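Geometric and topological summary
One-letter residues, chain by chain:
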Amino acid sequence: MARLLQGIRSVVAPVTRTRAFRAVAPRALPPVERALARLTRGRFQLSAVLVPSLVLHTTGARSGQPRDTYLMYTPVGDGRLVVAGTSFARDRHPAWTYNLLAHPDAAVSIRGRRYAVRATPVEGDAERDAAWALVEAQWPGYRAYERDSGRVVRLFRLERADDAAP
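We now turn to the structure provided with this report. (Residues numbered from 1 in each chain as written. Predicted model: local features only at pLDDT ≥ 70, side-chain atom pairs only at ≥ 80, totals over all residues. Heavy atoms only, no water.)

1. Focus: the sheet that holds strand 2 (residues 66–72)
On the basis of which strands lie adjacent, the open sheet formed by seven strands has the order 2-1-5-6-7-4-3 and antiparallel pairing. Edge strands, defined here as strands with exactly one partner in the open sheet, are strand 2 and strand 3 (74–77). Each strand axis lies, on average, 35 degrees off the axis of its neighbour in the sheet, ignoring direction. Pairing geometry for strand 1 (residues 53–59) and strand 5 (residues 105–110), over three bridges, is antiparallel. Residue pairing for strand 5: Leu56 is matched across the bridge by Val108. Sheet contacts for helix 4 (residues 125–138): strand 2, strand 3, strand 4 (80–84) and strand 7 (155–160); angle to strand 3, the most-contacted strand, approximately 125 degrees. (Pairing = 2+ DSSP bridges. Helix = DSSP H or I, 4+ residues; strand = E, 2+ residues; numbered from the N terminus. Axes fitted to C-alpha atoms, helices over the stretch in contact; angles between N-to-C directions. Contact = heavy atoms within 4.5 Å.)

This is the structure in C-alpha coordinates:
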(Lines give C-alpha, C1' and ligand atoms only; values in the text may rest on other atoms or scores of the structure.)
Protein backbone atom coordinates (compact mmCIF):
# COMPACT_ATOMS: atom_id res chain seq x y z
CA MET A 1 0.00 0.00 0.00
CA ALA A 2 2.83 2.41 0.87
CA ARG A 3 4.44 1.71 -2.48
CA LEU A 4 1.18 2.42 -4.30
CA LEU A 5 0.72 5.67 -2.40
CA GLN A 6 4.29 6.72 -3.19
CA GLY A 7 3.69 5.93 -6.87
CA ILE A 8 0.52 8.03 -6.94
CA ARG A 9 2.28 10.90 -5.16
CA SER A 10 5.16 10.81 -7.64
CA VAL A 11 2.68 11.29 -10.48
CA VAL A 12 0.41 13.83 -8.77
CA ALA A 13 3.06 16.02 -7.10
CA PRO A 14 4.50 17.46 -10.35
CA VAL A 15 0.96 18.19 -11.60
CA THR A 16 0.25 20.26 -8.46
CA ARG A 17 3.12 22.56 -9.37
CA THR A 18 1.77 23.45 -12.81
CA ARG A 19 0.09 26.75 -13.64
CA ALA A 20 -2.99 24.92 -14.91
CA PHE A 21 -3.46 23.10 -11.59
CA ARG A 22 -2.91 26.30 -9.62
CA ALA A 23 -5.51 28.07 -11.74
CA VAL A 24 -8.18 25.35 -11.55
CA ALA A 25 -7.67 23.74 -8.12
CA PRO A 26 -8.68 26.69 -5.91
CA ARG A 27 -12.07 26.78 -7.63
CA ALA A 28 -12.62 23.08 -8.28
CA LEU A 29 -11.36 21.31 -5.16
CA PRO A 30 -13.36 23.05 -2.38
CA PRO A 31 -16.80 22.18 -3.84
CA VAL A 32 -15.67 18.57 -4.38
CA GLU A 33 -14.39 18.35 -0.79
CA ARG A 34 -17.64 19.84 0.57
CA ALA A 35 -19.75 17.38 -1.40
CA LEU A 36 -17.68 14.43 -0.21
CA ALA A 37 -17.91 15.71 3.37
CA ARG A 38 -21.71 15.79 3.13
CA LEU A 39 -21.86 12.31 1.62
CA THR A 40 -19.48 10.75 4.15
CA ARG A 41 -20.40 12.84 7.21
CA GLY A 42 -16.89 14.31 7.19
CA ARG A 43 -15.09 10.98 7.27
CA PHE A 44 -13.50 11.22 3.81
CA GLN A 45 -11.54 13.93 2.06
CA LEU A 46 -10.23 13.54 -1.48
CA SER A 47 -6.96 15.24 -0.53
CA ALA A 48 -6.52 12.78 2.35
CA VAL A 49 -5.86 10.03 -0.20
CA LEU A 50 -2.44 11.62 -0.77
CA VAL A 51 -1.65 13.61 2.39
CA PRO A 52 -3.01 14.05 5.90
CA SER A 53 -5.94 16.44 5.55
CA LEU A 54 -8.28 18.28 7.87
CA VAL A 55 -11.10 20.76 7.93
CA LEU A 56 -10.11 23.94 9.75
CA HIS A 57 -13.04 25.63 11.49
CA THR A 58 -12.29 29.31 12.11
CA THR A 59 -14.14 32.50 12.93
CA GLY A 60 -14.07 35.12 10.19
CA ALA A 61 -11.61 37.90 11.00
CA ARG A 62 -14.03 40.65 9.95
CA SER A 63 -17.40 38.95 9.71
CA GLY A 64 -17.26 36.90 12.90
CA GLN A 65 -19.01 34.14 10.94
CA PRO A 66 -17.92 30.49 11.06
CA ARG A 67 -15.65 29.44 8.19
CA ASP A 68 -14.50 25.98 7.09
CA THR A 69 -11.37 25.35 5.03
CA TYR A 70 -9.99 22.05 3.72
CA LEU A 71 -6.22 21.86 4.21
CA MET A 72 -3.25 19.56 4.19
CA TYR A 73 -1.56 19.27 7.57
CA THR A 74 1.69 17.89 8.83
CA PRO A 75 1.86 16.10 12.18
CA VAL A 76 4.80 17.35 14.26
CA GLY A 77 4.44 15.18 17.37
CA ASP A 78 2.64 15.44 20.70
CA GLY A 79 -0.66 15.91 18.86
CA ARG A 80 0.56 19.16 17.28
CA LEU A 81 0.02 19.97 13.62
CA VAL A 82 1.46 22.46 11.13
CA VAL A 83 -0.59 24.06 8.36
CA ALA A 84 0.81 26.27 5.60
CA GLY A 85 -1.03 29.17 3.96
CA THR A 86 0.29 28.49 0.49
CA SER A 87 -2.98 29.23 -1.31
CA PHE A 88 -1.77 27.39 -4.42
CA ALA A 89 1.11 29.92 -4.78
CA ARG A 90 -1.20 32.89 -5.17
CA ASP A 91 0.29 36.28 -4.31
CA ARG A 92 -2.14 36.89 -1.41
CA HIS A 93 -2.45 35.16 1.93
CA PRO A 94 -5.52 32.91 2.18
CA ALA A 95 -8.43 34.23 4.26
CA TRP A 96 -8.12 31.48 6.85
CA THR A 97 -4.70 32.83 7.88
CA TYR A 98 -6.23 36.23 8.69
CA ASN A 99 -8.94 34.40 10.63
CA LEU A 100 -6.37 32.57 12.76
CA LEU A 101 -4.41 35.76 13.40
CA ALA A 102 -7.59 37.49 14.61
CA HIS A 103 -9.10 34.46 16.39
CA PRO A 104 -6.44 31.85 17.28
CA ASP A 105 -8.96 29.62 19.04
CA ALA A 106 -10.34 27.35 16.33
CA ALA A 107 -11.19 23.70 15.73
CA VAL A 108 -10.19 20.98 13.32
CA SER A 109 -12.01 17.93 12.01
CA ILE A 110 -9.94 14.94 11.02
CA ARG A 111 -11.78 11.91 9.60
CA GLY A 112 -15.02 13.24 11.05
CA ARG A 113 -13.70 13.89 14.57
CA ARG A 114 -13.71 17.50 15.72
CA TYR A 115 -11.58 19.01 18.46
CA ALA A 116 -10.53 22.46 19.63
CA VAL A 117 -7.10 23.87 18.77
CA ARG A 118 -5.11 27.00 19.46
CA ALA A 119 -3.14 28.43 16.51
CA THR A 120 0.29 29.98 16.91
CA PRO A 121 2.22 31.49 14.00
CA VAL A 122 5.53 29.74 13.30
CA GLU A 123 8.09 32.52 13.45
CA GLY A 124 11.85 32.86 13.23
CA ASP A 125 14.04 31.44 10.51
CA ALA A 126 15.13 28.33 12.40
CA GLU A 127 11.59 27.42 13.50
CA ARG A 128 10.19 28.05 10.01
CA ASP A 129 12.94 26.00 8.35
CA ALA A 130 12.29 23.12 10.76
CA ALA A 131 8.55 23.26 10.07
CA TRP A 132 9.10 23.41 6.30
CA ALA A 133 11.45 20.42 6.52
CA LEU A 134 8.67 18.35 8.09
CA VAL A 135 6.12 19.57 5.53
CA GLU A 136 8.44 18.79 2.62
CA ALA A 137 9.28 15.35 4.01
CA GLN A 138 5.58 14.66 3.61
CA TRP A 139 5.11 16.42 0.25
CA PRO A 140 8.41 17.16 -1.54
CA GLY A 141 8.56 20.50 -3.31
CA TYR A 142 5.70 22.04 -1.33
CA ARG A 143 7.81 25.01 -0.26
CA ALA A 144 8.09 25.97 -3.93
CA TYR A 145 4.63 27.47 -3.47
CA GLU A 146 6.25 30.04 -1.16
CA ARG A 147 8.93 30.92 -3.68
CA ASP A 148 6.47 31.07 -6.56
CA SER A 149 3.98 33.22 -4.64
CA GLY A 150 6.51 35.99 -4.00
CA ARG A 151 5.50 36.23 -0.33
CA VAL A 152 6.45 34.65 2.97
CA VAL A 153 3.86 31.92 3.48
CA ARG A 154 2.22 31.97 6.88
CA LEU A 155 2.77 28.77 8.85
CA PHE A 156 0.73 27.92 11.93
CA ARG A 157 1.23 25.36 14.65
CA LEU A 158 -2.09 23.96 15.86
CA GLU A 159 -2.12 22.54 19.38
CA ARG A 160 -5.00 20.73 20.97
CA ALA A 161 -6.76 23.11 23.35
CA ASP A 162 -9.58 21.40 25.14
CA ASP A 163 -10.41 24.67 26.86
CA ALA A 164 -10.35 26.73 23.63
CA ALA A 165 -13.70 27.66 22.16
CA PRO A 166 -14.12 26.14 18.68
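2. Section: the pairing of strand 3
As paired elements, strand 3 and strand 4 share three bridges and run antiparallel to each other. Across the sheet, residue Pro75 finds its bridge partner in strand 4, namely Leu81. Hairpin connection, strand 3 to strand 4: the antiparallel pair is bridged by two residues, and Asp78 has positive phi, about 55 degrees.

3. A look at the packing of aromatic side chains
Taken as a whole and judged by the stated rule, the model has three aromatic pairs. Arranged with centres 6.3 Å apart and planes meeting at 50 degrees, the rings of Trp132 and Tyr142 form a pair that is tilted. One end of the pair, Trp132, is in helix 4; the other, Tyr142, is in the loop between helix 4 and helix 5 (144–149), and ten residues separate them in sequence. Accessibility assignment for this pair places Trp132 and Tyr142 in one class, buried. (Phe/Tyr/Trp six-rings, centres within 6.5 Å; stacked < 30°, edge-to-face > 60°. Buried < 20%, exposed > 50% of the residue type's maximum accessible area, 1.4 Å probe, protein only.)

4. Section: helix 4
The end-to-end C-alpha separation of helix 4 is 20 Å, in line with the 20 Å expected for 14 residues at 1.5 Å each. When we look at burial in helix 4, the residues that qualify are Arg128, Ala131, Trp132, Val135 and Gln138. Buried residues of helix 4 fall within an arc of 110 degrees about the axis and therefore sit on the same side. In this structure, helix 4 carries Asp125, Ala126 and Ala137 as exposed residues pointing more than 90 degrees from its buried face. (Expected span 1.5 Å × (residues − 1). Arc of directions from axis to C-beta.)

5. A few points about the environment of Arg41
Along the chain, Arg41 falls in the loop between helix 2 (19–40) and strand 1. Taking the C-alpha atoms as reference points, Arg41 and Arg111, separated by 70 residues in sequence, lie 9.0 Å from one another.

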